Amino acid sequence: MNIEMFEGYMTAQTPISHGSDDKLGNDISLRRLKYHVNGKYKEIPVISANSLRGILRRRIMTDFMERMNYKCNSKKIFRFLMAGGILEEVSKKDSGILNLSMREEIRKLMPPIDLLGGTLGNQNFDGKLDVMPIQVICKELEEFLPSNTEIAPDKSIHEFIDWDFATTKDPLGGSDGEGDKSAQMIYNWEVFVPGTPFTLGFVLRDADEIVKGCFIRLLNLWHEYPVIGGKAATGHGRVKINIDYSKEDEKDYLNYIDENKEKIVSKLDLLCKEYTP
C-alpha cells in the first residue's frame with residue numbers, strides 16, 4: 001500500500017463553536033472525548049474529524065459540479081455526492097450482488113468519490129482519504145500528539161476554552177399579556193478561543209496523481225474559505241491553516257475534469273435516471 005501523509009496545524013482566528021449533543025437549559029458545551037491521562041480519565045474538548053471531512057466533501061463536490069455547470073435532479077444522487085449517501089435495502093435477488101464494473105466506472109470518472117468514498121444503493125465505495133483526529137495542542141494531550149508537532153504543548157486546555165452568548169427577541173412580544181414588550185431569550189455556548197492551536201493531518205492511501213490532485217484541490221478550496229465548526233454566519237470558525245503541500249498539484253485533476261466533462265455528465269445523467277427521485 002502506498003501511503004502519503006500531510007501533517008501540520010491550524011490556529012483559531014475567531015471563536016470556534018463545535019457543540020455536543022448535551023445541553024443544559026440554554027447552554028451548549030463543546031464536544032468532548034474521554035482520554036486516559038496520567039492514570040485518570042479526562043473529558044477533553046475536541047473537534048470531530050468527521051465534521052471537517054463533511055465540510056471538505058461539500059466544498060469539493062460543489063466545485064466538481066460547478067466546473068461542469070451540472071445541476072443534479074435526483075435527491076439520492078445529490079445525497080451520494082454531498083453527504084456520502086446511505087446504505088439501502090434491495091430486493092432479495094440483488095442482495096449481496098456487487099456491480100464491480102459500475103463501481104470502477106464511477107471511481108474513474110468521479111475522482112471526488114474515489115477520494116472520499118460513499119454509498120449508493122447497496123454499493124459501498126471505500127475512500128482513499130483519512131482525516132486524522134483534530135486535537136488541541138495542550139499539556140493534557142501531550143502524549144497523544146504527533147511527534148513532529150511544531151507548537152509546544154505548554155498550556156492547559158482550560159486556557160483555550162471560554163463561553164460566548166447571544167440574545168434573541170420576539171418582535172411580536174410574549175404571551176404574558178404585557179402588550180408590545182418584546183420577549184427576550186439569552187443562550188450561551190462554549191467555544192475555543194482565538195489563538196487555540198490544533199493538530200491537522202491527512203493520509204492518502206493508494207492515490208494516483210488524479211486523486212491526489214483532487215485532494216490538493218480540496219485543500220486549496222478550504223484555504224479560500226478556511227472555516228470549521230458552527231455559526232460561521234456570525235464570524236465563528238475562522239482558522240489559519242499551516243500544512244506543507246504544493247498548490248500547483250491540483251492541475252492533473254482539473255485537466256482530467258475538463259477533458260472528460262461530457263463523459264462525467266453523461267454518467268451522472270444515467271445515475272439520476274436510475275436513482276429517482
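Residues numbered from 1 in each chain as written. Predicted model: local features only at pLDDT ≥ 70, side-chain atom pairs only at ≥ 80, totals over all residues. Heavy atoms only, no water.

1. Quick word on helix α1 (residues 49-67)
Its 19 residues place the ends of α1 27 Å apart at the C-alpha level, agreeing with the 27 Å of an ideal helix rising 1.5 Å per residue. Buried within α1 are the following residues: Ala49, Ser51, Leu52, Gly54, Ile55, Leu56, Arg57, Ile60, Met61, Asp63, Phe64 and Met65. Its side-chain oxygen at 3.1 Å from the backbone nitrogen of Asn50, Ser48 defines the N-terminal cap of α1. Asn69, located one to two residues past α1, shows a positive phi value of around 55°. (Helix = DSSP H or I, 4+ residues; strand = E, 2+ residues; numbered from the N terminus. Expected span 1.5 Å × (residues − 1). Buried < 20%, exposed > 50% of the residue type's maximum accessible area, 1.4 Å probe, protein only. Polar contact = N/O pair within 3.5 Å; in protein donor to acceptor, adjacent residues only side chain to side chain.)

2. Considerations on empty space enclosed by the protein
Following the criterion strictly, the structure yields one cavity of 30 Å³ or more and no others. Roughly 60 Å³ of volume is contained in the largest cavity. Lining the largest cavity we find Lys76, Arg79, Phe80, Gly85, Ile86, Glu88, Thr119, Leu120 and Gly121. With three residues, the top contributor of residues to the lining of the largest cavity is helix α2 (residues 75-83). Its residues assigned to classes, the lining of the largest cavity shows three nonpolar, three polar and three charged. (1 Å grid on protein atoms, 1.4 Å probe; cavity = no way out; pocket = protein on both sides within 12 Å on 5 of 7 lines; lining within 4 Å. Points joined across faces, edges and corners; volume = space filled by probe spheres on them. Nonpolar A, V, L, I, M, F, W, Y, C, P; charged D, E, K, R; others polar.)

3. Quick notes on the sheet that holds strand β12 (residues 239-243)
Taken together, the four strands give an open sheet; going across it, the order is β8-β11-β1-β12, and neighbouring strands pair in antiparallel fashion. Each edge of the open sheet carries a strand with a single partner, namely β8 (129-131) and β12. The mean inter-strand angle of the sheet, taken between neighbouring strand axes irrespective of direction, is 25°. Across the face of the sheet, α1 comes into contact with β8 and β11 (197-205) while running at roughly 130° to β8. Along the sheet, helix α5 (residues 209-224) makes contact with β1 (3-12), β8, β11 and β12, crossing β11 at roughly 160°. (Pairing = 2+ DSSP bridges. Axes fitted to C-alpha atoms, helices over the stretch in contact; angles between N-to-C directions. Contact = heavy atoms within 4.5 Å.)

Shape descriptors only; they carry no functional weight alone.
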